[in-house]
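The lines below spell out each chain.
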Amino acid sequence: MTSPLHPPLLHREDLLSLSGEKVRQWKADITASPYRSYLYSYPHKTAYGDLQPPLPLAEMWQSEPAESFFLYMHIPFCGARCGFCNLFTLPDKRADVHTRYVDALERQAREWAAFTGHKPFARFAIGGGTPTLLAADQLRRLFSIAVDIMGLDIGTTSISVETSPETISVEKLDILKDAAVDRVSMGIQSFVAAESANIYRPQQPDEVYRALELLGRYDFPILNLDLIYGLPGQTVESWVYSLNRALAYAPEEIFIYPLYTREHTIVKPDTIRLQEDIRIECYNAACELLEQHGYRQYSMRRFAKEAAGTDKPILDYSCQEEGMVGLGCGARSYTRNVHYASRYGVSRKATESIIADYVAAEHYDTADYGIVLSLGEQKRRFILKAILHSEGLALTGYSGRFGTTVWQDFPELALLPASGLARETDDVLRLTPEGLGYSDSIGDWFISGEIRGRMERFVLP
């Protein structure tokens with residue numbers, strides 16, 4: 001049945017003729033539930049399924065139109081699983097397990113280099129998990145695989161590595177510095193010990209301060225710190241305290257994340273519902289404080305100094321993130337038409353099984369799990385990957401890519417400027433400061449019915 005807010009419209013003008021009351025009703029729905037889901041990729045991995053028959057990677061990557069690629073390596077090991085985490089990661093510190101995994105990643109790289117070596121890499125990231133949980137010799141191997149096997153040029157590639165306070169050491173930071181890493185991202189989440197304990201994170205403030213002081217000696221071009229608001233037991237005051245502690249180290253970049261919990265995370269949604277939801281207040285307080293300290297807001301989550309960046313002559317790479325070459329179990333790869341990965345699990349049993357299959361595999365030359373994007377889903381992805389960032393959606397860029405206009409294809413987007421959550425200026429549709437704060441609910445609203453249905457049918461192992 002057709003909703004009055006989603007009528008079968010053919011023209012933008014039809015939607016703009018909706019009464020002010022209907023626009024207000026739509027905005028009230030968007031703003032009433034700001035934290036519906038975190039749309040960090042589109043389509044979400046829970047929309048993936050079996051690809052039958054499996055797709056040959058050689059053909060897929062040969063026809064990929066992106067001018068440069070993004071190389072990503074996934075290290076799915078952590079010291080412990082945090083209470084909010086639903087990522088593909090396994091608490092496992094055993095060195096032999098790590099070594100066998102990197103062995104498999106190297107075998108995969110040798111096979112994939114033949115598929116992706118015809119175009120340069122503009123970006124390289126190592127994430128997880130916690131990559132710096134690896135022993136120094138294995139961490140060093142990752143960069144050797146990237147350079148010697150995948151053909152990465154560290155002089156023209158932006159390089160980012162994720163880390164955690166307890167895994168930082170002089171030896172490992174020396175490796176990152178030697179590899180010309182541009183950005184080190186450290187998840188702190190909170191400087192308050194009780195809040196860390198409430199999310200099952202074995203972290204003491206003194207360990208965080210030690211890591212930050214050590215990082216400061218290396219002067220990486222970009223230090224990013226991650227913090228989470230809405231934690232169990234957190235107050236707006238304690239959130240601002242954590243922000244101020246982070247700001248004392250003058251990071252070039254800060255990411256702030258609202259707490260999300262799911263039934264399969266250690267901290268359950270019912271636990272969070274027992275306390276007052278302060279996330280909007282925390283977000284607004286952070287926006288004000290970060291602006292006072294000279295940070296520019298680039299998305300709902302990312303705040304950075306204007307001068308943050310590297311001196312390298314970095315190659316251009318599309319913000320729509322096509323041409324993503326994902327090595328390692330749990331890594332996703334994106335071509336224009338196909339997104340694919342290993343299977344997804346959160347439970348220890350499922351994750352161990354998926355990693356074991358990856359390590360035991362003899363070949364990695366086909367995609368057997370993922371999604372083939374229709375033209376309509378390619379259009380939605382293009383829009384979402386642009387509009388949820390402050391740069392906004394270039395309307396002529398969309399038309400140049402697809403041969404149609406945004407308003408012809410998705411007239412419902414006119415609800416954004418009509419409601420004051422976005423504005424159209426200089427041929428760019430961008431969210432207003434208010435709209436950025438509701439990015440998650442706007443992204444959730446714009447998901448297609450087909451993708452939503454696939455996500456709802458997904459059963460998490």
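Residues numbered from 1 in each chain as written. Predicted model: local features only at pLDDT ≥ 70, side-chain atom pairs only at ≥ 80, totals over all residues. Heavy atoms only, no water.

Novice: Where do I start with the overall build of the protein in this structure?
Specialist: Looking only at helices and strands, the protein features 19 helices and 18 strands. Relative to a compact globule of 461 residues, whose C-alpha radius of gyration would be 23 Å, the protein shows 22 Å and is just as compact. In terms of overall dimensions, the protein has a C-alpha envelope of 65 × 55 × 45 Å along the principal axes. Considering only residue pairs separated by 6 or more positions, the protein has 79% of its internal contacts joining residues 24 or more positions apart. Per element, the accessible surface of the protein, about 19,600 Å² overall, is 52% carbon and sulfur. Charge-centre separation for the protein: the mean point of 47 positive side chains lies 2 Å from the mean point of 60 negative side chains. (Helix = DSSP H or I, 4+ residues; strand = E, 2+ residues; numbered from the N terminus. Rg over C-alpha atoms; globule rule 2.2 N^0.38 Å. Contact = heavy atoms within 4.5 Å. Areas by Shrake-Rupley, 256 points an atom, 1.4 Å probe, with all protein chains shown as cover. Lys, Arg positive; Asp, Glu negative; His and termini not counted. Charge placed at Lys NZ, Arg CZ, Asp CG, Glu CD.)

Novice: How should I be thinking about helix 12 (residues 348-360) in this particular structure?
Specialist: An α-helical turn contains 3.6 residues, so any two residues separated by three or four positions project in the same direction. In this model helix 12 runs 18 Å from its N-terminal to its C-terminal C-alpha over 13 residues, within 8% of the 18 Å that 1.5 Å per residue would give. All of the buried residues in helix 12 are A350, T351, I354, I355 and Y358. Along helix 12, the residues classed as buried sweep out an arc of 125° about the axis, all on the same side. Looking at helix 12, the residues exposed on the side facing more than 90 degrees away from the buried face are K349, D357 and A360. Here the buried face of helix 12 lies against strand 3 (77-78), strand 4 (90-91) and helix 4 (95-116). (Expected span 1.5 Å × (residues − 1). Buried < 20%, exposed > 50% of the residue type's maximum accessible area, 1.4 Å probe, protein only. Arc of directions from axis to C-beta.)

Novice: Even after reading the chapter, I still don't get the packing of aromatic side chains, so can you show me in this structure?
Specialist: How two aromatic rings sit relative to each other is given by the distance of their centres and the angle of their planes. The final tally for this structure, using the stated rule, is 23 aromatic pairs. Seen from their ring centres, Y229 and W239 are 5.2 Å apart, and the 55° between their planes marks the pair as tilted. Of this pair, Y229 sits in strand 8 (residues 222-229) while W239 sits in helix 9 (residues 236-247), and the two are 10 residues apart along the sequence. The pair formed by Y229 and W239 is uniform in burial state, with each residue classed as buried. Ring centres of Y358 and Y364 lie 5.3 Å apart, and the angle between their planes is 55°; on these two criteria the pair is classed as tilted. Comparing Y358 with Y364, the two get one shared label, buried. Ring-pair connections join several aromatic residues into one group, and the members of that group are W26, F410, W445 and F446. Seen from the ring of F88, K45 lies directly overhead, with NZ or CZ sitting 5.7 Å from the centre. (Phe/Tyr/Trp six-rings, centres within 6.5 Å; stacked < 30°, edge-to-face > 60°. Lys NZ or Arg CZ within 6 Å of the ring centre and 35° of its normal.)

Novice: Can you help me understand the sheet that holds strand 16 (residues 393-394) in this one?
Specialist: Sheets are built from strands that pair by backbone hydrogen bonding, the pairs being arranged parallel or antiparallel. Taken together, 3 strands build an open sheet; the order of strands is 16-18-17 and the sheet is antiparallel. On the outer flanks of this sheet lie strand 16 and strand 17 (422-425), each paired with one strand and no other. In terms of strand pairing, strand 16 meets strand 18 (residues 428-431) through 2 bridges, oriented antiparallel. By the bridge assignment for strand 18, L393 is matched with L429. (Pairing = 2+ DSSP bridges.)

Novice: Where do I start with the packing of helix 9 against helix 11 (residues 279-292) in this structure?
Specialist: The packing of two helices is summarised by the inter-axis angle and the distance between the axes. The geometry of helix 9 relative to helix 11 is characterised by a closest axis approach of 10 Å and an angle of 30° between their N-to-C directions. The hand of the helix 9/helix 11 crossing is right-handed. Contacts between helix 9 and helix 11 pair V236, W239, V240, L243, N244 and L247 from the former with E281, C282, A285, A286, L289 and L290 from the latter. Class assignment of the residues belonging to the contact of helix 9 with helix 11 gives a composition of 10 nonpolar, 1 polar and 1 charged. (Axes fitted to C-alpha atoms, helices over the stretch in contact; angles between N-to-C directions. Left-handed = near helix turned anticlockwise from the far one by under 90°. Nonpolar A, V, L, I, M, F, W, Y, C, P; charged D, E, K, R; others polar.)

Novice: Looking at this structure, how should I read the pattern of salt bridges?
Specialist: A side chain with one charge may pair with a side chain of the opposite charge, provided their charged atoms come close. A complete count under the given rule lists 24 salt bridges for this structure. In this structure, D50 engages R343 in a salt bridge whose closest nitrogen and oxygen atoms are separated by 2.3 Å. Taken together, the positions of D50 in strand 1 (residues 49-56) and R343 in the loop between strand 14 (338-341) and helix 12 put the pair 293 residues apart, joining distant regions of the chain. The salt bridge involving R348 is made with E352; its shortest N-O contact spans 3.3 Å. Here the residue R348 and the residue E352 both occupy positions in helix 12, the gap between them amounting to 4 residues, near one helical turn. (Salt bridge = Lys/Arg side-chain N within 4 Å of Asp/Glu carboxyl O.)

Novice: Explain a negative patch on the surface here, please?
Specialist: Together, D137, E171, D174 and D178 line one region of the surface with negative charge. Ranked by the residues each element gives to the negative patch, the list is headed by helix 6 (residues 170-178), at 3 residues. Mapping D174 onto the fold places it in helix 6. (Patch = residues over 30% accessible without salt bridge, like charges linked within 9 Å, V, L, I, M, F, W, Y side chains within 5 Å.)

Novice: Teacher, can you tell me more about the packing of helix 5 (residues 136-149) against helix 6 here?
Specialist: Interaxial distance between helix 5 and helix 6 falls to 10 Å at its minimum, and their mutual angle equals 10°. Classified by the angle their axes make, helix 5 and helix 6 are roughly parallel. Contacts between helix 5 and helix 6 pair A136, L139, R140 and F143 from the former with E171, K172, I175 and L176 from the latter. Split into classes, the residues belonging to the contact of helix 5 with helix 6 amount to 5 nonpolar, no polar and 3 charged. (Parallel < 35°, antiparallel > 145°, perpendicular 65-115°, else oblique.)

Novice: Looking at this structure, how should I read the environment of F220?
Specialist: You can see F220 is positioned in the loop between helix 8 (205-216) and strand 8. Remark: the alpha-carbon pair of F220 and R183, spanning 37 residues in sequence, is separated by 6.4 Å.

Novice: Mind showing me how you'd approach the side chain of T265 here?
Specialist: Within the secondary structure, T265 is located in the loop between strand 9 (253-258) and helix 10 (269-273). The buried category is assigned to T265, whose relative accessible area is 1%. Of the polar contacts made by the side chain of T265, one reaches the backbone oxygen of V267; its length is 2.7 Å. If near-sequence neighbours (up to four positions away) are discounted, T265 is found in contact with G83, F84, C85 and N86. (Polar contact = N/O pair within 3.5 Å; in protein donor to acceptor, adjacent residues only side chain to side chain.)

Novice: Hey, could you run me through the side chain of S238 in this one?
Specialist: The topology assignment puts S238 in helix 9. Looking at S238, its side chain comes within polar contact range of the main-chain nitrogen of T235, at 2.9 Å. Discounting chain neighbours no more than four positions away, the residues touching S238 are V192 and E195.

Novice: Just checking my understanding: could you explain the confidence of the model for the protein for this structure?
Specialist: Low pLDDT means the predicted coordinates in that region are not meant to be read closely. On average, residues of the protein carry a pLDDT of 92, and 95% of them reach 70 or more. Contacts of residues 1-10 to residues separated by more than four positions or lying in other chains number 13 contacts, the stretch itself having pLDDT below 50. (pLDDT = per-residue confidence, 0-100.)

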